[in-house]
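Chain by chain, the residues:
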Amino acid sequence: MTYLADKPKVPITLSTLNKYKATGEKFSCLTCYDASFAASMQAAGVDSILVGDSLGMVVQGQVSTLPVTVADMVYHTENVARANTHALIMTDLPFMSYATVSDAIASAKAVMQAGANVVKIEGGSELSDTVKVLTNNGVPVCVHLGLTPQSVNVFGGYKVQGKTDEAANRLIEDCHAVTAAGAAVLLLECVPAELAKTITQSVDVPVIGIGAGVDTDGQVLVMHDILGVYTRKPAKFVKNFLTDPKNASRSIQGAFELYHEEVKQKAFPTPAHSFL
Ligand code: KIV
């Protein structure tokens, strides 16, 4: 089977995201785990796909992302990549698969060979050596900071991060340390909107937000969340684009198109979807 997007696009690369940051154009990202939804996202024009380890929860029915393996990430990245025509594919390295630099090299090699364009790892300044080595070996790295779900047992739950001055300053320092080490993209999850804005304006690389306000360079949401497929209470930053009256067709592709459009227009997220 060949997947043909009805709106073929010029491939989105890191240079495209950097150009978007420079010109102030926002970009959209959705999680995706298989070929059919990836094809629909292509047709909708979504800029970037995250093969997230959230698949542990939304696909496998696990209680957290911790049981996800590199083999799982390879399998889902291959499925998405087969249908991909233009989106930048980012793939998560799962829990404990980058605990040492040599583990990180092996895990990154596996997902890049499966079709990822960028690998995403969770943490802060302690990842600097890993970021340096991967980058020097041709692997662009996105560092996920703020609420990092692989550390849910350290945080004691899924909570907003960077709320005190001390925590905010630590987060800013972490962002600067990983970008100095060569991180190509940052992803901020569950961070107060003003702090995310400050960070976005203080780094040269594109910053993607989820629950981080409207001022990050790009936005990401979990695909199941925007389609209203919830297995738990949806977070404040989630919006159901399937049932939104502006999705006139009430179709899945219509939901992807509306999400992409609202991100581009800065109509999503609103303050109601942000931590202020
Ligand atoms: O795994 C994932 O889906 C993620 C998003 C929540 C950003 O990391």
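Residues numbered from 1 in each chain as written. Predicted model: local features only at pLDDT ≥ 70, side-chain atom pairs only at ≥ 80, totals over all residues. Heavy atoms only, no water.

A look at the sheet that holds strand β7 (residues 207–210)
Then, in step 1: Strand order in the closed barrel formed by eight strands is β1-β2-β3-β4-β5-β6-β7-β8, with parallel pairing between adjacent strands. Taken pair by pair, the neighbouring strands of this sheet meet at an average axis angle of 25 degrees, ignoring direction.
Then, in step 2: For strand β1 (residues 27–31) and strand β8 (residues 218–221), the ladder comprises four bridges, and the chain directions are parallel. Directly across from Ser 28, in β8, lies its bridge partner Gln 219.
Then, in step 3: Strands in contact with helix α8 (residues 165–180) are β5 (141–146) and β6 (185–189); relative to β5, the strand with the most contacts, it is inclined by about 170 degrees. (Pairing = 2+ DSSP bridges. Helix = DSSP H or I, 4+ residues; strand = E, 2+ residues; numbered from the N terminus. Axes fitted to C-alpha atoms, helices over the stretch in contact; angles between N-to-C directions. Contact = heavy atoms within 4.5 Å.)

Some remarks on the packing of aromatic side chains
Then, in step 1: What the rule picks out here adds up to four aromatic pairs.
Then, in step 2: Ring geometry for Phe 241 and Phe 268: centres 5.4 Å apart, planes at 80 degrees, overall edge-to-face. Here Phe 241 is found in the loop between α10 (223–226) and α11 (252–264), whereas its partner Phe 268 is found in the segment after α11, with 27 residues between them in sequence. One exposure class covers both Phe 241 and Phe 268, and it is buried.
Then, in step 3: Sitting above the plane of the Tyr 20 ring, Lys 264 keeps its charged end 4.1 Å from the centroid. (Phe/Tyr/Trp six-rings, centres within 6.5 Å; stacked < 30°, edge-to-face > 60°. Buried < 20%, exposed > 50% of the residue type's maximum accessible area, 1.4 Å probe, protein only. Lys NZ or Arg CZ within 6 Å of the ring centre and 35° of its normal.)

What to know about the UniProt feature "binding site: Mg(2+)" (unreviewed entry) in the protein chain
Then, in step 1: Mapped onto the present numbering, the UniProt feature "binding site: Mg(2+)" (unreviewed entry) falls at Asp 53, Asp 92 and Glu 122. Look at the named residues: they lie 70 residues apart in sequence, but the longest C-alpha span between them is just 11.1 Å, so in the fold they bunch up. The annotated residues named above include Asp 53, Asp 92 and Glu 122 as those lining the largest pocket.
Then, in step 2: Looking at the element boundaries, Asp 92 is found in strand β3 (residues 88–92).
Then, in step 3: Taking the relative accessible area as the measure of exposure, Asp 92 reaches 2% and is therefore buried.
Then, in step 4: Relative to the helices and strands, Glu 122 is located in strand β4 (residues 118–122).
Then, in step 5: Residue contacts for Glu 122: discarding those within four places in its chain leaves Asp 53, Tyr 98, Leu 127, His 144, Thr 148, Pro 149, Gln 150 and Ser 151. (UniProt positions renumbered as here; feature names shortened; annotations may be inferred. 1 Å grid on protein atoms, 1.4 Å probe; cavity = no way out; pocket = protein on both sides within 12 Å on 5 of 7 lines; lining within 4 Å.)

Re the site of the ligand
Then, in step 1: Every one of the 13 residues lining the ligand counts as a neighbour, but Thr 31, Asp 53, Ser 54, Asp 92 and Lys 120 are closest to it.
Then, in step 2: Separating an oxygen atom of the ligand from a side-chain N or O atom of Asp 53 is a distance of 3.0 Å.
Then, in step 3: Contacts to the ligand include Ser 54, whose side-chain N or O atom sits 2.5 Å from an oxygen atom.
Then, in step 4: Protein burial of the ligand: of its 260 Å² of free accessible surface, 95% is covered by the chains. (Near = heavy atom within 4 Å. Polar contact = N/O pair within 3.5 Å; in protein donor to acceptor, adjacent residues only side chain to side chain. Areas by Shrake-Rupley, 256 points an atom, 1.4 Å probe, with all protein chains shown as cover.)

Some thoughts on the layout of surface pockets
Then, in step 1: Roughly 730 Å³ of volume is contained in the largest pocket.
Then, in step 2: Of all elements in the fold, only α3 (55–58), β4, β6 and α10 reach the threshold of two or more residues within the lining of the largest pocket.
Then, in step 3: Of the residues that constitute the lining of the largest pocket, the class distribution is 19 nonpolar, seven polar and eight charged.
Then, in step 4: In this structure, the second largest pocket occupies an estimated 550 Å³ of space.
Then, in step 5: Lining the second largest pocket are 23 residues, with Gly 123, Gly 124, Glu 126, Thr 148 and Phe 155 sitting closest to its centre.
Then, in step 6: With four residues, α8 is the single largest residue contributor to the lining of the second largest pocket.
Then, in step 7: Within the lining of the second largest pocket, the residues separate by chemical class into ten nonpolar, nine polar and four charged. (Points joined across faces, edges and corners; volume = space filled by probe spheres on them. Nonpolar A, V, L, I, M, F, W, Y, C, P; charged D, E, K, R; others polar.)

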